[in-house]
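Chain residues, written in single-letter form:
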Amino acid sequence: AQKVTQAQTEISVVEKEDVTLDCVYETRDTTYYLFWYKQPPSGELVFLIRRNSFDEQNEISGRYSWNFQKSTSSFNFTITASQVVDSAVYFCALSEENQGGKLIFGQGTELSVKP
Amino acid sequence: DAEITQSPRHKITETGRQVTLACHQTWNHNNMFWYRQDLGHGLRLIHYSYGVQDTNKGEVSDGYSVSRSNTEDLPLTLESAASSQTSVYFCASSPGGSGRGKTQYFGPGTRLLVL
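This structure is a prediction, so every number in the text was calculated from the model and none was measured. (Residues numbered from 1 in each chain as written. Chains lettered and ligands numbered in written order. Predicted model: local features only at pLDDT ≥ 70, side-chain atom pairs only at ≥ 80, totals over all residues. Heavy atoms only, no water.)

### Focus: the packing of aromatic side chains
Residue and element names in this part refer to chain A.
- What the rule picks out here adds up to 23 aromatic pairs over all chains.
- Taking 5.9 Å as the distance between ring centres and 65° as the angle between the ring planes, the aromatic pair formed by Y37 and F47 counts as edge-to-face. With Y37 in strand 5 (residues 32-39) and F47 in strand 6 (residues 46-52), the pair connects residues that are 10 residues apart, well separated along the chain.
- On the basis of an interplanar angle of 45° and a centroid distance of 6.0 Å, the ring pair of Y37 and F105 is categorised as tilted. With Y37 in strand 5 and F105 in strand 11 (residues 104-105), this pair connects stretches of sequence that are 68 residues apart. Comparing Y37 with F105 shows no difference in burial state: the two are buried. (Phe/Tyr/Trp six-rings, centres within 6.5 Å; stacked < 30°, edge-to-face > 60°. Helix = DSSP H or I, 4+ residues; strand = E, 2+ residues; numbered from the N terminus. Buried < 20%, exposed > 50% of the residue type's maximum accessible area, 1.4 Å probe, protein only.)

### Observations concerning the pattern of salt bridges
All names here are of chain A.
- A full pass over the atoms with the stated rule returns six salt bridges over all chains.
- Between D55 and R51 there is a salt bridge, with its nearest N and O atoms 2.7 Å apart.
- One network of salt bridges, in which partners are shared, links R51, D55 and E59. (Salt bridge = Lys/Arg side-chain N within 4 Å of Asp/Glu carboxyl O.)

### Looking at the side chain of S53 of chain A
- Locating S53 of chain A in the fold gives a position in the loop between strand 6 and strand 7 (59-61).
- Here S53 of chain A is in contact with T30, T31, Y32, F68 and K70 of chain A, once residues within four sequence places are set aside. (Contact = heavy atoms within 4.5 Å.)

### Some remarks on the interface of chain A and chain B
- If you look at the interface, chain A gives 19 residues, while chain B gives 20 residues.
- Approximately 1,600 Å² of surface area, both sides summed, lies buried where chain A meets chain B, with 55% of it carried by carbon and sulfur atoms.
- Taken together, the links from chain A to chain B amount to zero salt bridges.
- Of all elements in the fold, only strand 5, strand 6 and strand 10 (88-96) of chain A reach the threshold of two or more residues within the side of chain A that touches chain B.
- Here the side of chain A that touches chain B gets four residues from one element, more than from any other, and that element is strand 5 of chain A.
- Looking at the side of chain A that touches chain B residue by residue, the class counts come to eight nonpolar, eight polar and three charged. (Buried area = accessible area lost by both parts, 1.4 Å probe. Nonpolar A, V, L, I, M, F, W, Y, C, P; charged D, E, K, R; others polar.)

### Considering the state of the cysteines
- One pass over the structure, following the stated rule, counts two disulfides over all chains.
- Paired through a disulfide, C23 of chain A and C92 of chain A show a sulfur-sulfur distance of 2.0 Å. Taking the sign of the torsion about the S-S bond as the criterion, the disulfide between C23 of chain A and C92 of chain A, at about -65°, is left-handed. Of this pair, C23 of chain A sits in the loop between strand 3 (19-21) and strand 4 (24-26) while C92 of chain A sits in strand 10; the two residues are 69 residues apart in sequence, bridging distant segments of the chain. The residues C23 of chain A and C92 of chain A share a single accessibility class, namely buried.
- The disulfide partner of C23 of chain B is C91 of chain B, and the S-S distance across this bridge is 1.8 Å. Of note, the bridge from C23 of chain B to C91 of chain B carries an S-S torsion of about -70° and is left-handed in sense. (Disulfide = S-S within 2.5 Å.)

Printed below as a string of structure tokens:
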């Protein structure tokens, strides 16, 4: 069965530290998609990245980077030089090809960046 | 700009009452989804639709219904509100047929309190 695990419930760092948010997934499909969303204190869900199962290239966008490793079923998210504005809950999600567009979310990791 | 909106943003109701939460998107997306967010459970899928007149049950559909009479709207109805339905409700939409692998974009959410 499909499942997403974000084992880190809460993380607290000091500004400018690097931080990695872990995401481990389970799926039987060979074609699937992985996502990260950010939920700031204001409550909305903001899309960050989408990755399909055939593309294991790491991605970098500014201070954000993502490491996708099929061998360990992980899709980890790193923030470099964290800032207070990065404080939010971050969700990893999985969508399987044969399940249509349904998203299976992890429990979320609450990141607190202190000045 | 195209967007997805939800109304009301906050709602207080009493046990046993029927409640309808609205979701409206102007992206002309075929696929629309309703999720609920609860502490300790992340986001869970309630109902979803791949197009007009199409509706499907999600993981936690008991006590909820949806109907899709046009592309833009997917209202969520709580037939007889229960305290267990106190939650934050998010609507989302995605493009394409069946939504496979497509990014979902979320509305701002509705906070529902059932007394």
